[in-house]
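Given next are the chains, with one letter for each unit.
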Amino acid sequence: MVSLARSPSRAWQWSPPRWSHVLPTVARRHPLACAGALLAGAFLLTWSAATTSYILFHDDALRLLNNRAHSQAEAYQRQIATLEASLEEQRSRLAVEQRRTATTIEQLRQRQIAIEARHGLLSDLMNAAPEAPRPPKSGDRSSMLNTPAGSRPISDTVILGATDLREARLEAGAEPTALASAQAAPGSSDLAALNGTLDRLEREQAGALDVIEETLERRDRRIRTVLADLGVAAPVRPIGVPIQAAAGGPFVPVGPTGDGFDQQSGRARAMLADLTQLKQKLDTVPLRRPIAGSIETTSGFGVRVDPFLGKAAFHTGIDFRGDTGDPARATAAGTVTIAGRDGGYGLMVEVDHGNGLATRYAHLSAISVSVGDKIAAGGVVGRVGSTGRSTGPHLHYETRIKGEPVDPQRFLRAAVRLGDMS
């Protein structure tokens, strides 16, 4: 509100209004209008400050926001790249592990196939070796000759009896169910368990093969030594040469060839083949008793007092006590060359066993064979009697080498040596 005051020098003179007096007056008269004006002023001031700030700092704010967004985007990209690299590394590691696991499983499978094949080979080797009870340990002549055995060898044994081979069978006879149960689950611990099982089976099979080879080698040496002492030629030993029997079929490899087990099993097969030939040879060597049941000698081989003349004479065999009609048995396989009456022998049978060996069975009461007959070991050649130059029922038994009589005890003792092998 403008007031015009009069001045003494001037008629009208303008003077500024005194707001300090006006505002309180207006505020008292119009309080709401004053408050609204103040609020409007404050709003105008705030809006002006904000507009000014926006104008002044708009670009900086945008730049700051862009920088922050770019930094965050780069951080996210780095995290994504790190995660992708880690994922790729894990994929690569997993692929390598899968390949390694697949390779391990294939190796274990090949080992299992080889072990199963070796188990079959060991079973064949042990099944091919004849077995029998252990012989009685006796060295004196009476117990040797008085042991009941029918037509078996005098030592009551089968030549190739082998308790240790049965023990080897127990060592090698691992149950395949262990392999199946270990292979059922695919975890690494199960693969390790399967690998340990295969290692154990391989060790057991190697030990069993060692027992087999040692046993066969020991028997081979002993039989050859006995045959050499008897003057019987033994077959040539095919060391390291496997048996080439009739066989065939496609080649299906079971694992690496030429390893120690294959070479050792080849030697074992060769020795088993050699033992088979030796046993065939022994079948033609007079090692069995000619009388069944409990037997007793009444006269030995060599110089004795003649029962008829009372003078010293040479006795060409051994006399076994027997009852008339008791069977007299061939002590080895061979061919009958004499079957009839022959002087002081009375009724006599001679059997040719080959290799210069022959046996005679004299003073028989009856003959059961004819000349030219093939007879097996233990076969009956006749019946005990007292024909010819005899003082009573008994069997006169001779062994001859190239036509010359030799002490039958030589062969009986050889039978004991073969039977006592361990």
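Ranked by size, the top nonpolar core spans 29 residues in total, and within it V285, L287 and F411 carry the most contacts. Elements that contribute at least two residues to this core include exactly α2 (31-128), α6 (188-230), α7 (260-282) and α8 (409-419). Ranked by the residues each element gives to this core, the list is headed by α6, at eight residues. With residues up to four places along the chain from it excluded, the contact list for F411 reads L230, V285, P286, L287, L357, T399, I401 and V406. If you look at the next biggest cluster of nonpolar residues, it comprises 18 residues, including I295, A330, L364 and V369.

Each pair of aromatic rings is reported with the distance of its centres and the angle of its planes. In total, this model carries three aromatic pairs according to the counting rule given. With a centroid separation of 5.6 Å and an interplanar angle of 45°, the aromatic rings of Y361 and Y397 are classed as tilted. On the criterion of sequence distance, the pair formed by Y361 in strand β10 (residues 357-367) and Y397 in strand β13 (residues 394-401) is long-range, its members being 36 residues apart. Neither Y361 nor Y397 differs from the other in exposure class; each is buried. Each residue in the set F320, Y361 and Y397 is aromatic and connected to the rest through ring pairs, giving one cluster.

On to a nonpolar patch on the surface. Taken together, the side chains of F43, L44 and W47 make up a nonpolar region of the molecular surface, amounting to roughly 390 Å² of accessible area. For F43, the location among the structural elements is in helix α2. Taking relative accessible area as the criterion, F43 reaches 56% and is therefore assigned exposed.

On to α8, then. Since the α-helix advances by 3.6 residues per turn, residues separated by three or four positions end up pointing in the same direction. The buried fraction of α8 is high, at eight of 11 residues. Of the residues making up α8, those classed as buried are Q409, F411, L412, A414, A415, V416, L418 and G419.

This part is about the confidence of the model for the chain. Residues at a pLDDT of 70 or more form 72% of the chain, whose mean pLDDT is 75. Mean pLDDT per element in the chain: helix α3 (residues 141-145) is the minimum at 33, and strand β12 (residues 380-384) is the maximum at 96. Note that residues 1-5 has pLDDT below 50 and, in this model, 10 contacts with residues that lie over four places away or in other chains. In this model residues 251-258 is a low-confidence stretch, pLDDT under 50, and it forms eight contacts with partners more than four residues away in sequence or in other chains.

Criteria and cut-off values
- Residues numbered from 1 in each chain as written.
- Predicted model: local features only at pLDDT ≥ 70, side-chain atom pairs only at ≥ 80, totals over all residues.
- Heavy atoms only, no water.
- Core = buried A, V, L, I, M, F, W, Y, C linked by side-chain atoms within 4.5 Å.
- Buried < 20%, exposed > 50% of the residue type's maximum accessible area, 1.4 Å probe, protein only.
- Helix = DSSP H or I, 4+ residues; strand = E, 2+ residues; numbered from the N terminus.
- Contact = heavy atoms within 4.5 Å.
- Phe/Tyr/Trp six-rings, centres within 6.5 Å; stacked < 30°, edge-to-face > 60°.
- Patch = residues over 30% accessible without salt bridge, like charges linked within 9 Å, V, L, I, M, F, W, Y side chains within 5 Å.
- Areas by Shrake-Rupley, 256 points an atom, 1.4 Å probe, with all protein chains shown as cover.
- Salt bridge = Lys/Arg side-chain N within 4 Å of Asp/Glu carboxyl O.
- pLDDT = per-residue confidence, 0-100.

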